[in-house]
Amino acid sequence: MSKPDPPPRVRFAPSPTGSLHVGGARTALFNWLFARGRNGVFVLRIEDTDRRRSREDLTREIISELSWLGLDWDEGPVYQSRRGGLYLPPAERLLEEGLAYRSDPDPEGRTAVILRVEPEDIVFSDRVYGPITVSGGELKDIVLIKSDGSPAYNFACAVDDHQLGITHVIRGDDHLPNTPKQLLLYRALGWNPPVFAHLPLILGADRAPLSKRHGATSLKAFREAGILPDALANYLALLGWSPGGDREIMSRDQLVEEFSLEKVSRKAAVFDHQKLTWMNGRYIQETGPEELARRLRPLLAETEWETVSPGKLEAVISLLGHRLKTLADFPDQAGFFREGEIAYDPGAVAKHWSGEDVREILAEAREAVEAAEPFTRENLEDSLRAVIARRGIKAGALMQPLRVALTGRKDSPGIFEIILLLGRETTRERLDRAREFLEKNP
RNA sequence: GACCCCGUCGUCCAGCGGUUAGGACUCAGGCCUUUCAAGCCUGCAACACGGGUUCGAUCCCCGUCGGGGUCGCCA
């Protein structure tokens with residue numbers, strides 16, 4: 001047996017110039033899975049050297065969305081902007097060694113520090129893409145320190161990764177062309193380079209890189225759309241990676257257990273909202289009412305549900321929570337549990353209230369509900385089924401008009417459960433109102 | 001344009017020289033049922049093309065075509 005690899009140190013290094021989007025989130029997730037699966041260390045580094053475009057509020061947002069996704073880090077956040085002093089010494093060393101030179105002064109007399117690049121082939125092995133050769137002469141000299149004194153990206157990246165002891169650089173494959181440059185920097189500085197692993201891009205349905213044009217792509221948007229973090233993590237994990245075989249619904253522990261860079265795909269993947277929504281529905285089904293209520297609460301702020309009691313909310317959720325595809329579906333599907341008058345869906349009325357005997361049936365249903373004593377699900381069902389039997393009609397001929405009267409819609413959870421939760425009084429009110437409606441609109 | 005990468009159902013994946021090319025999402029039909037959702041069953045649907053190598057290529061090699069990435073003193 002070969003001896004086990006030492007624990008890896010990886011990092012996720014977002015730039016706070018925009019919201020955290022699914023592409024970045026997936027990169028963070030893969031780093032996290034990799035670290036957690038082999039006892040490694042996950043470092044969060046904020047690449048905020050671009051003072052002009054970096055925003056503190058975005059830094060906070062990125063941090064909180066990562067937490068929402070369930071990703072935690074062991075070190076950081078490390079702010080690149082606060083480590084200015086780290087970059088000059090290595091650059092000066094390269095200058096002294098003659099490996100780097102100063103640019104011609106700009107009009108203001110400032111110079112940049114630039115690494116001299118010799119024309120020679122560069123070969124490296126990417127953990128995902130395999131061996132990659134870049135022929136000599138393709139690379140130009142590399143700017144280390146810009147004329148304004150700040151470190152250029154590739155240099156800052158190499159210095160930081162080295163200084164933080166990063167062993168594996170796992171990032172989007174838009175960085176693949178940067179890799180030879182960084183390798184040259186490591187070589188010039190006499191440092192051991194980390195292992196590089198590049199992740200394929202995530203595309204929109206039109207095969208263009210995912211962007212705002214494709215709708216909700218920020219984590220914030222997914223959260224607000226009622227996607228569960230575990231569902232999103234599971235979906236994202238499978239975008240560009242697979243454990244082999246047919247497994248799809250996988251817990252965090254399973255993902256951590258199975259994840260490996262070798263099984264990451266090299267092919268860009270199209271983000272499929274429908275499949276995410278399906279998967280989210282599966283996760284919702286497996287989530288208990290208590291937790292669903294907790295997840296739902298923030299989405300209910302400023303809606304008519306804001307003031308509903310926790311007990312009532314949980315009761316409603318246990319009745320229809322498992323039917324939701326996203327948490328955001330809740331207000332629409334649960335609307336009829338709110339007090340006050342319900343709206344009748346015209347389609348439902350036309351379909352189920354057009355029969356001649358509907359008024360009679362509803363009247364008998366009303367009596368049957370009154371007669372259920374004690375007020376239990378079993379008694380309600382017995383009582384209502386008795387009406388069906390007595391009239392010799394099909395169950396649907398009673399259930400459907402009743403459903404419209406109580407919910408205003410064609411689809412809903414089971415009628416008996418609804419009556420039970422609504423209570424006798426509300427049920428009675430709604431049936432009376434249905435009767436009035438039918439009298440006015442024969 | 002140059003350099004690099006990629007190419008299995010519409011989409012996400014499995015496959016790793018011999019398979020009726022498998023699963024999932026979507027879509028269609030059916031079952032169940034008080035409706036819808038869920039669940040279960042069935043169906044539609046793919047190896048980009050052309051050369052090799054081989055007894056045999058989805059799989060290996062070359063080319064073509066197609067897609068993507070990068071070419072800043074941005075990150």
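Scroll up to find the structure this text is about.
In this text the structure is predicted, and so the values were computed from the model without any measurement.

*Asks:* Looking at this structure, I do not really get the protein's contact with RNA strand B. What am I missing?
*Replies:* Of all residues adjacent to RNA strand B, which total 57 residues, the nearest are Lys146, Ser147, Lys267, Arg323 and Ser412. Sugar and phosphate atoms constitute 73% of the interface atoms of RNA strand B, taking the interface as everything within 4 Å of the protein. Here a base nitrogen of RNA strand B and a side-chain polar atom of serine 147 are 2.4 Å apart. Broken down by secondary-structure element, the contributors of at least two residues to the surface near RNA strand B are strand 12 (269-270), helix 9 (273-285), helix 16 (395-407) and helix 17 (415-440). Of the residues in the surface near RNA strand B, the class split is 18 nonpolar, 17 polar and 22 charged.

*Asks:* Can you walk me through the side chain of asparagine 178 in this structure?
*Replies:* By secondary structure assignment, the location of asparagine 178 is in the loop between strand 9 (168-172) and helix 5 (179-189). The contact partners of asparagine 178, leaving out residues within four places of it in the chain, are Tyr153 and Asn154.

*Asks:* Can you help me understand the packing of helix 14 (residues 358-371) against helix 17 in this one?
*Replies:* Packed helices, taken two at a time, are described by the angle their axes make and the gap between the axes. Orientation of helix 14 relative to helix 17, taken along the N-to-C sense of each, is 155°, at an axis distance of 10 Å. With respect to each other, helix 14 and helix 17 are oriented roughly antiparallel. Crossing geometry of helix 14 relative to helix 17 is assigned as left-handed. Listed contacts from helix 17 to Val358, Arg359, Leu362, Arg366, Val369, Glu370 and Ala371 of helix 14 are Ile419, Arg424, Thr427, Arg428, Leu431, Asp432, Ala434, Leu438 and Glu439. Considering only residue class, the contact of helix 14 with helix 17 consists of eight nonpolar, one polar and seven charged.

*Asks:* When you look at the side chain of asparagine 280 in this model, what are you seeing that I'm missing?
*Replies:* With respect to the helices, strands and loops of the structure, asparagine 280 is situated in helix 9. One polar contact links the side chain of asparagine 280 to the main-chain carbonyl oxygen of glycine 226, over a distance of 3.1 Å. Here asparagine 280 is in contact with Gly226, Ile227, Leu228, Ala231, Lys325 and Thr326, once residues within four sequence places are set aside.

Quick notes on the rules
Residues numbered from 1 in each chain as written. Chains lettered and ligands numbered in written order. Predicted model: local features only at pLDDT ≥ 70, side-chain atom pairs only at ≥ 80, totals over all residues. Heavy atoms only, no water. Near = heavy atom within 4 Å. Polar contact = N/O pair within 3.5 Å; in protein donor to acceptor, adjacent residues only side chain to side chain. Helix = DSSP H or I, 4+ residues; strand = E, 2+ residues; numbered from the N terminus. Nonpolar A, V, L, I, M, F, W, Y, C, P; charged D, E, K, R; others polar. Contact = heavy atoms within 4.5 Å. Axes fitted to C-alpha atoms, helices over the stretch in contact; angles between N-to-C directions. Parallel < 35°, antiparallel > 145°, perpendicular 65-115°, else oblique. Left-handed = near helix turned anticlockwise from the far one by under 90°.

Structural measurements only, silent on function.
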